[in-house]
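# Analysis of the macromolecular model
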Amino acid sequence: MPFSETLLPEFDEEMKNTRKLLALVPDGKFDYQPHPKSMTMGRLATHVAELPGWTTYTLDQEVLDLQPDFKPEFATSQAELLKKFDDNAAAARTRIQAASDEDWKKIWTFKYAGKTMMEFPRSGVMRSTIMNHLVHHRAQLGVYLRLNDIEFPGMYGPSADEKFE
C-alpha cells in the first residue's frame, strides 16, 4: 500500500481532533500566557493551525531555509484561526493524496540562516516534524484551555469534561 494511503486516515483523524480544539480558543484570550517563557494562546493556536501547511513546504521543495528575520504568523480571532487551519489542512490533504512513494523517499532539509538543522526523508518529516509536532502543541493548547476553565473534548478517548453514562 502506498505511503500516502496509509497516512491519510491518521492525518484525517488528527485534523478532526485539532479543529475541535482550535474551535474552543476564545476571542479575548489570545494574549493569555501561562508563563513568561510560554507562547501566548494566540501564537500557540496559530502555530497549531499553520502546522498542516508545512506539508506543502515538505513536498514542494527540498530545502527550507528560514532566515533570522522570519516573523511568525499571529491570528487575531477564532474565525481567522479556523480559516487558516481549514485552508492549511485542505491543501495538505490534497498534496498528501497526490504524493508518490518516490516523493516521500526524497531527503528534505531544514536550514536556519544557511545552517543545516535536520535532514530526513520526507516521510519522516511528515510523521515527526509535522504530525507529532502538531499533537505536541495541541496538547499544550489543551493545558492553556484547562487553565482558563474552558471545557474540551477528548482526542483519543473521553476528557475529564465528558460524562459517559
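See the structure printed just above.
A brief structural summary.

Cut-offs applied
- Residues numbered from 1 in each chain as written.
- Predicted model: local features only at pLDDT ≥ 70, side-chain atom pairs only at ≥ 80, totals over all residues.
- Heavy atoms only, no water.
- Axes fitted to C-alpha atoms, helices over the stretch in contact; angles between N-to-C directions.
- Helix = DSSP H or I, 4+ residues; strand = E, 2+ residues; numbered from the N terminus.
- Parallel < 35°, antiparallel > 145°, perpendicular 65-115°, else oblique.
- Contact = heavy atoms within 4.5 Å.
- Nonpolar A, V, L, I, M, F, W, Y, C, P; charged D, E, K, R; others polar.
- Expected span 1.5 Å × (residues − 1).
- Bend = angle between axes of the 7 residues up to and from the residue.
- Buried < 20%, exposed > 50% of the residue type's maximum accessible area, 1.4 Å probe, protein only.
- Pairing = 2+ DSSP bridges.
- Phe/Tyr/Trp six-rings, centres within 6.5 Å; stacked < 30°, edge-to-face > 60°.
- Salt bridge = Lys/Arg side-chain N within 4 Å of Asp/Glu carboxyl O.

## Digging into the packing of helix H2 (residues 41-50) against helix H4 (residues 78-98)
For the pair H2 and H4, the least separation of the axes is 8 Å and the interaxial angle reads 20°. Taken as axis vectors, H2 and H4 run roughly parallel relative to one another. Residues Ala 45, Thr 46, Val 48, Ala 49 and Glu 50 of H2 touch H4, and the partners they reach there are Leu 81, Lys 84, Phe 85 and Asn 88. In terms of residue class, the contact of H2 with H4 is built from five nonpolar, two polar and two charged.

## Some points on the environment of Ile 150
Mapping Ile 150 onto the fold places it in the segment after helix H6 (122-147). Between the alpha carbons of Ile 150 and Pro 26 there is a distance of 8.9 Å; along the sequence they are 124 residues apart. Ile 150 has contacts with Leu 24, Pro 26, Leu 145 and Asp 161, leaving out every residue within four places of it along the chain.

## Description of helix H1 (residues 3-22)
Its 20 residues place the ends of H1 28 Å apart at the C-alpha level, agreeing with the 28 Å of an ideal helix rising 1.5 Å per residue. A bend of about 25° at Pro 9 is the largest found in H1. For H1, the set of buried residues is Phe 3, Ser 4, Leu 7, Leu 8, Phe 11, Glu 14, Met 15, Asn 17, Thr 18, Leu 21 and Leu 22. Where H1 is buried, its residues touch H2, H4, helix H5 (101-105) and H6.

## A short note on the sheet that holds strand S3 (residues 115-121)
Pairing is mixed across the open sheet formed by three strands, whose spatial order is S1-S2-S3. Each edge of the open sheet carries a strand with a single partner, namely strand S1 (63-66) and S3. Taken over all neighbouring pairs, the strand axes of this sheet differ in orientation by 15° on average, direction set aside. Strand direction decides the pairing type here: S1 and strand S2 (residues 107-112), joined by four bridges, are parallel. What sits directly across from Val 63, in S2, is Thr 109. On top of the sheet, H6 reaches S2 and S3; it is set at about 105° to S3, its chief contact.

## With respect to the packing of aromatic side chains
For any pair of aromatic rings, the description rests on two quantities: the centre-to-centre distance and the angle between the ring planes. Within the structure shown, the criterion is met by three aromatic pairs. When the ring of Phe 3 is compared with that of Trp 104, the centres are 4.8 Å apart and the planes differ by 65°; the resulting orientation is edge-to-face. A residue pair is termed long-range when its members are at least 10 positions apart, and Phe 3 in helix H1 and Trp 104 in helix H5 qualify at 101 residues. For the residue pair Phe 3 and Trp 104, the accessibility class agrees, reading buried in each case. Here the aromatic rings of Tyr 32 and Tyr 144 are separated by 5.9 Å at their centres, their planes lie at 80°, and the arrangement is edge-to-face. Remark: Tyr 144 occurs in helix H6 and Tyr 32 occurs in the loop between H1 and H2; sequence separation between them is 112 residues.

## Remarks on the pattern of salt bridges
Inspection of every chain in the model, using the stated rule, returns 11 salt bridges. Its salt-bridge partner being Glu 73, residue Lys 84 comes within 2.5 Å of it at the nearest N-O pair. You can see Lys 84 sitting in helix H4 and its partner Glu 73 sitting in the loop between S1 and H4, a full 11 residues away along the chain. Of the residues examined, Glu 73 reaches a relative accessible area of 36% and is grouped as partly exposed.

## Some points on the pairing of S2
Pairing analysis gives six bridges linking S2 to S3, with the strands arranged antiparallel. What sits directly across from Thr 109, in S3, is Glu 119. Connecting S2 to the antiparallel partner S3 that follows it, the hairpin turn spans two residues, and Ala 113 within it adopts a positive phi of roughly 55°.

All quantities given are derived from atomic positions and should not be read as evidence of function.
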